[in-house]
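# Structural overview for review
Each chain is listed here by its residues.
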Amino acid sequence: MSTNNHWGEFTSASDADTSITMTTTEREHMQKPCHMEIEGPRLHQQKSSPAPTTDVSDVCSVDPVTLHTIQLLQYASQLRQLISSIQQQLGSMKSDTVDNAANTSYVSMPPMPVMNKPLACFRTQSFGFVEKNLDSDFAQGKGDILPDFDGETIHKLTKRSVAAITAQTGYDTSLESVLETLTDIGQDYLSEMCKLLRVAVDREALTGTLGFADAVEQVFHEMGIGSIRSLHYFYQTRVLSRHSSVLQECQRLQCKYEHLQSAPRETRQAESWKNIKHSELVLNACTCKRHFNSQHFNVE
């Protein structure tokens, strides 16, 4: 069988299988150019998932004694305003309106803020040197793991602590710029203390000695704080003693407010007693005069 085809040659259209038949419409549809949809490359884009928010109040809270001192300071300020209001009302009343002053109603004294825990729980004796216990859970890193805070959260914590300290000292209001400046100073101070503590702990791990009883003791001396006992003394004098003095001031203001509330009633009673005495004196004078006149007429 002879053939004219060579290897690698394409078969001609005449030699191809023409068994497939297409209509004219199908052929025109195939020949008509159409738009081809091309899908772009799928790029991996990281989704910015929001960081898990940690409630600051659940982790770090203000000292209960300090918080109660701030509440007592606000309570004392409220009592001073009420006392000033009563004094102005009493000063504007005249002596002939004592009955009206006694019947005047005043604002009832608000209750004093109550502390959740007894104060005796926070009063501790001076502590001395405690030997290290390397087998404790704290030394071995056991316990609740604190979450990692970002810079913004740390700034908020420091700012709240600074605001609590200034309020406990006695400041009522403050500018935002002043509070931010104090926050930056406190944050720098704590950062420097933590850096020195890191260096001291590393030196102790490397050499096995510090020259101090504890790394915190060394850092306190380097920062100019003094001994750890200074921190205990500060809490006893500047926190607990401050709380006691503010509490006594609130009790004194309560007594003064109660005395001013009862002053109109005492004034009315005094005025009534004064009127009774005056009436008795007038009655006695009239009786004496009549008795004198009757004796004078009898003599004549």
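Structural notes, computed from the coordinates.

Rules used throughout
Sequence positions are assigned chain by chain, starting from 1 and proceeding in written order. Reporting of local features is limited, given that this is a predicted model, to residues whose pLDDT is at least 70; pairs of side-chain atoms are given and counted only at 80 or more, and all residues count toward the totals for whole chains, interfaces and linings. To obtain the side-chain values, all non-hydrogen atoms of the structure were included, while hydrogens and water were left out. Each axis is a line fitted through C-alpha atoms, and for a helix only the stretch in contact is used; angles between axes span 0 to 180 degrees, taken between their N-to-C directions. For helices the rule is a DSSP run of H or I covering at least 4 residues; for strands it is a run of E covering at least 2, with both sets numbered from the N terminus onward. Any angle from 65 to 115 degrees is called roughly perpendicular, while one under 35 is roughly parallel, one over 145 is roughly antiparallel, and all others are oblique. Should the near helix be turned counterclockwise from the far one by less than a right angle, the crossing is left-handed, whereas a clockwise turn marks it as right-handed. Contacts were defined at the residue level, with two residues in contact if any of their heavy atoms lie within 4.5 Å. Polarity classes work like this: nonpolar for Ala, Val, Leu, Ile, Met, Phe, Trp, Tyr, Cys and Pro, charged for Asp, Glu, Lys and Arg, and polar for all others, with Gly in that last group. Multiplying 1.5 Å by the helix residue count minus one yields the expected span of that helix. We call a residue buried when its accessible area falls under 20% of the maximum for its residue type, exposed when it is over 50%, and partly exposed in between, using a 1.4 Å probe and counting protein chains only. Nonpolar cores were defined as sets of buried Ala, Val, Leu, Ile, Met, Phe, Trp, Tyr and Cys residues, with membership established by side-chain atoms within 4.5 Å.

## Let's talk about the packing of helix α3 (residues 64-92) against helix α5 (residues 151-169)
- Interaxial distance between α3 and α5 falls to 9 Å at its minimum, and their mutual angle equals 50°. With respect to their mutual orientation, α3 and α5 come out oblique. Here the hand of the crossing between α3 and α5 comes out left-handed. Residues T66, T69, I70 and L73 of α3 lie in contact with α5, whose contacting residues are A164, A167 and Q168.
- Class assignment of the residues belonging to the contact of α3 with α5 gives a composition of 4 nonpolar, 3 polar and no charged.

## Focus on α5
- Given a rise of 1.5 Å per residue, 19 residues ought to cover 27 Å, and the 27 Å separating the end C-alpha atoms of α5 matches this to within 8%.
- All of the buried residues along α5 are T153, L157, T158, V162, A164, A167 and Q168.
- Taken from the residues just after α5, G170 is the one with a positive phi, measuring 130°.

## Considerations on the nonpolar core
- Ranked by internal contacts, the top residues of the largest apolar core, which has 13 residues, are L79, I83, I86, C250, L253 and Y257.
- Mapped onto this core, the elements with two or more residues apiece are α3 and α8 (228-299).
- Those residues within four positions of L79 in sequence are excluded, and the remaining contacts are M109, P110, C250, L253 and Q254.
- Judged by nonpolar contacts, the second largest core, of 7 residues, contains M193, L210, A215 and M223.

Everything listed is a geometric property; what it means functionally is a separate question.
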